[in-house]
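# Observations on the three-dimensional arrangement
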Amino acid sequence: MIRATWLVVMGAALVALSTAASGDATRDALTKRAQAGDVQAQVALGRALQDDGVAADKAAGTEWYRKAAQAGSADGAWMLGSSTMAGVGVTRDVPTAIDWMRKSVAIDQNADHMAVLAVALLATGGTQEALQWAQKAADKGSSKGMEVLAMARLSGEMGLPKDVALAEKLLASAAQKGDVDAQLSLGQFYITGLFGRHDVAAGARWLQAAADAGSAKAAGTLAYFLITGKESVPVDAARGVALARKAMASNEMLGHYAMGVAYVTGTGIAENPAEGWYEISLAQRMDNQQQLKTAADYLAKASAKLTPTQLAQLKARVDAAAGAASAPAG
């Protein structure tokens, strides 16, 4: 569970890495201002070039970030670090990327960027420095910084003593600030008892809050609990199916899985072993972290009611859907 939550934090960090003000000026106007040395225009032009869908413009965009960074722009340094971390328009170079990120936060003291830097350092083994940046970020009110520290305290494996109570407090503070990832984690931890006690009602509330804020994973997670009644969550089949559909609209694995379980068991929707087998099998294809421990049991139950011909047809559907999902855009 902790490892899965860290993946959520990392995903949010990668989103944060790519953010910068793009401005609303036209490309020609931006180019003129950038060529005249306007660092904000240089960053905005870099973003416009990297976002225009033209592969050849990626490198040009990174070079505009570099010009802004070398002129002392915190945004330029951050975006240069982002591009270098991801290998967009430049050869991927994690140490160099982290150096530019350090320079950026040294200039503008952006608390959320400090937290992202902490996550990047953790991913490369720089635990001590990572926790220092996370603490600075949290002290400045960054919910992401609070999340990093919460996970460190919860696991006790990152150089800080394990302190479950402090981890809960930090994560709750981040969730109360409206951080969707923190709300998701808090909801999961309350329901599964990772804080040393179960609080199903609080867990469901936080998962619902995250789902309402747009988290498809939170919607799928809560849907699964409401459909199955696992972890002593009271079954609310209609609500669970509605949340599963919401998660499926974003192609979230847990949404497909929850809906599959609903079909197989006839919970909140008419029993349909074929659709159940399809949804669960599709979710399995998406399950890179091997989270769906009970999938085989549900698949066996559905398979018992299907003919070999039906199963072959369903497998072909799954193959086609999985192939379409993995195909490159564009």
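Please refer to the structure higher up on the page.
Residues numbered from 1 in each chain as written. Predicted model: local features only at pLDDT ≥ 70, side-chain atom pairs only at ≥ 80, totals over all residues. Heavy atoms only, no water.

## Comments concerning the overall build of the protein chain
Counting its regular elements, the protein chain contains 18 helices and zero strands. Expressed as lengths along the three principal axes of its C-alpha atoms, the size of the protein chain is roughly 70 × 45 × 30 Å. Taking all 330 residues of the protein chain together, 48% fall into the buried category. The long-range fraction of contacts in the protein chain, counting pairs at least 24 apart against all pairs at least 6 apart in sequence, stands at 52%. When the accessible area of the protein chain is evaluated, it comes to approximately 14,900 Å², of which 52% is carbon and sulfur surface. Treating the 31 positive side-chain charges of the protein chain as one cloud and the 31 negative ones as another, the clouds have centres 2 Å apart. (Helix = DSSP H or I, 4+ residues; strand = E, 2+ residues; numbered from the N terminus. Buried < 20%, exposed > 50% of the residue type's maximum accessible area, 1.4 Å probe, protein only. Contact = heavy atoms within 4.5 Å. Areas by Shrake-Rupley, 256 points an atom, 1.4 Å probe, with all protein chains shown as cover. Lys, Arg positive; Asp, Glu negative; His and termini not counted. Charge placed at Lys NZ, Arg CZ, Asp CG, Glu CD.)

## Considering unusual backbone geometry
A positive phi is found at Asn251, a non-glycine position, where the angle reads about 55°. Considering the arrangement of structural elements, one finds Asn251 in the loop between α14 (237-248) and α15 (253-265). On the basis of relative accessibility, which here comes to 37%, the residue Asn251 falls in the partly exposed class. Its identity is not glycine, yet Gln290 carries a phi of approximately 55°, on the positive side.

## Overview of the environment of Arg197
Its location among the elements puts Arg197 in the loop between α11 (180-192) and α12 (200-212). Relative accessible area serves as the criterion here: at 38%, Arg197 is assigned to the partly exposed category. Counting along the chain gives 52 residues from Arg197 to Ala249, while the straight-line C-alpha distance between them is 33 Å. When sequence neighbours within four positions are dropped, the list of residues in contact with Arg197 reads Glu168 and Tyr190.

## Some points on the packing of aromatic side chains
Scanning all chains against the criterion turns up five aromatic pairs. Between Tyr224 and Tyr257, the ring centres sit 5.6 Å apart and the planes meet at 25°, which makes this aromatic pair stacked. With Tyr224 in helix α13 (residues 216-228) and Tyr257 in helix α15, this residue pair connects regions lying 33 residues apart in the sequence. For the pair formed by Tyr224 and Tyr257, the shared burial category is buried. Three or more aromatic residues joined by ring pairs form one cluster here, namely Tyr224, Phe225, Tyr257 and Tyr298. Positioned over the ring face of Trp64 is Lys67, at 5.7 Å from the centre of the ring. Cation over ring: Lys103 sits above Trp100, and NZ or CZ is 4.2 Å from the ring centre. (Phe/Tyr/Trp six-rings, centres within 6.5 Å; stacked < 30°, edge-to-face > 60°. Lys NZ or Arg CZ within 6 Å of the ring centre and 35° of its normal.)

## Describing helix α3 (residues 39-51)
Here α3 contains 13 residues, and its C-alpha end-to-end distance of 18 Å stays within 8% of the 18 Å for a straight helix at 1.5 Å per residue. Of the positions making up α3, those classed as buried are Ala41, Gln42, Val43, Ala44, Leu45, Gly46, Leu49 and Gln50. Next to the buried residues of α3 lie α2 (27-35), α4 (57-70) and α5 (74-86). Of the residues flanking the start of α3, the one acting as N-cap is Asp38, its side-chain oxygen 3.0 Å from the backbone nitrogen of Gln40. Taken from the residues just after α3, Gly53 is the one with a positive phi, measuring 80°. (Expected span 1.5 Å × (residues − 1). Polar contact = N/O pair within 3.5 Å; in protein donor to acceptor, adjacent residues only side chain to side chain.)

## Details of the packing of α13 against α14
Packing of α13 against α14 leaves a shortest axis separation of 8 Å and a crossing angle of 150°. The orientation of α13 with respect to α14, classified from their angle, is roughly antiparallel. Crossing handedness for the pair α13 and α14: left-handed. Facing α13, whose interface residues are Ala216, Ala219, Gly220, Leu222, Ala223, Leu226 and Ile227, α14 presents Ala237, Arg239, Gly240, Val241, Leu243, Ala244, Lys246 and Ala247. (Axes fitted to C-alpha atoms, helices over the stretch in contact; angles between N-to-C directions. Parallel < 35°, antiparallel > 145°, perpendicular 65-115°, else oblique. Left-handed = near helix turned anticlockwise from the far one by under 90°.)

## Details of the pattern of salt bridges
Inspection of the entire model under this criterion finds 14 salt bridges. With a shortest N-O distance of 3.3 Å, Glu63 and Arg66 are connected by a salt bridge. Here Arg66 and Glu63 lie together in helix α4, a separation of three residues that amounts to about one turn. The salt bridge involving Glu168 is made with Arg197; its shortest N-O contact spans 2.6 Å. A residue pair is termed long-range when its members are at least 10 positions apart, and Glu168 in helix α10 (residues 164-176) and Arg197 in the loop between α11 and α12 qualify at 29 residues. A single salt-bridge network, built from bridges that share partners, covers Lys144, Glu147, Asp179 and Asp181. (Salt bridge = Lys/Arg side-chain N within 4 Å of Asp/Glu carboxyl O.)

## Things to note about α11
Helix length check: α11 (13 residues) gives 18 Å between terminal C-alpha atoms against 18 Å at 1.5 Å per residue, within 8%. The buried fraction of α11 is high, at 11 of 13 residues. Within the span of α11, buried status applies to Asp181, Ala182, Gln183, Leu184, Ser185, Leu186, Gly187, Gln188, Phe189, Tyr190 and Ile191. For α11, the N-terminal cap is Asp179; the gap from its side-chain oxygen to the backbone nitrogen of Asp181 is 3.1 Å.

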